[in-house]
Amino acid sequence: MNIDTIIETVKKLEKSGNDISIIVKNMKTKEEGVATILPNGNIVVFEGSENGSDDKIYSIKNFKKNYSIIKLENELGEEFE
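No experiment lies behind these values; they were computed from the predicted model shown.

Draft legend 1. Highlighting the side chain of glutamate 47. Locating glutamate 47 in the fold gives a position in strand E3 (residues 43-47). Although buried, glutamate 47 forms no salt bridge, and the nearest oppositely charged side chain, lysine 56, lies 6.0 Å from it. At 3.3 Å, the side chain of glutamate 47 and the side chain of asparagine 26 are in polar contact. For glutamate 47, the side chain forms a polar contact with the side chain of tyrosine 67, separated by 2.3 Å. Those residues in contact with glutamate 47 that lie beyond four places of it in its chain are Asn26, Thr29, Glu31, Glu32, Gly33, Asp54, Asp55 and Tyr67.

This is how it looks when you write it as structure tokens:
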């Protein structure tokens, strides 16, 4: 499944009341993080330092250049397929 399809799936799941986390991997650092889609369509990625200094907001275009999606999880940590 490509990133665009996954993002559309997340949007649909969230519209139906699910709280979805996108588990991602930074392609440069290989570090894992969590991403969420903002209401304006951008994606915020939480990774690295716990103080938030490494967190960033990306356009979908820049997100695709920098991250791969590992899996989707609901608020209980259960994986969506």
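Draft legend 2. Structural detail: the nonpolar core. In this structure, Ile22, Val24, Val45, Phe63 and Ile69 are the most contacted members of the largest nonpolar core, which totals 17 residues. A per-element tally of this core places helix H1 (residues 3-15) first, with five residues. Here phenylalanine 63 is in contact with Ile3, Val24, Ala35, Ile43, Val45, Tyr58 and Ile69, once residues within four sequence places are set aside.

Draft legend 3. Representation of unusual backbone geometry. Look at lysine 30: it is not a glycine, yet its phi comes out positive at around 70°. Mapped onto the elements, lysine 30 comes out in the loop between strand E1 (21-26) and strand E2 (32-37). For lysine 30, a relative accessible area of 53% translates into the label exposed.

Rules used throughout
- One numbering rule holds for all chains: residues counted from 1, following each sequence as written.
- Selection of residues for local features in this predicted model requires a pLDDT of at least 70, selection of side-chain atom pairs for listing and counting requires 80 or more, and totals for whole chains, interfaces and linings are taken over all residues.
- With hydrogens and water excluded, all non-hydrogen atoms of the structure serve as input to the side-chain values.
- Where helices and strands are cited, they refer to DSSP runs of H or I of at least four residues and of E of at least two residues respectively, numbered from the N terminus.
- Classification of residues uses two cut-offs on accessible area relative to the type maximum, computed with a 1.4 Å probe and protein chains only: under 20% is buried, over 50% is exposed, and between them is partly exposed.
- In this count, Lys and Arg are taken as positive residues and Asp and Glu as negative ones, while His and the chain termini are left out.
- Salt bridges are defined as contacts in which a side-chain nitrogen from Lys or Arg sits within 4 Å of a carboxyl oxygen from Asp or Glu.
- Two N or O atoms form a polar contact when they lie within 3.5 Å of each other; inside protein one atom must be a possible hydrogen donor and the other a possible acceptor, and for residues adjacent in sequence the pair counts only when both atoms belong to side chains.
- Pairs of residues are marked as contacts when any of their non-hydrogen atoms sit within 4.5 Å.
- In plain words, nonpolar cores are sets of buried Ala, Val, Leu, Ile, Met, Phe, Trp, Tyr and Cys residues tied together by side-chain atoms within 4.5 Å.

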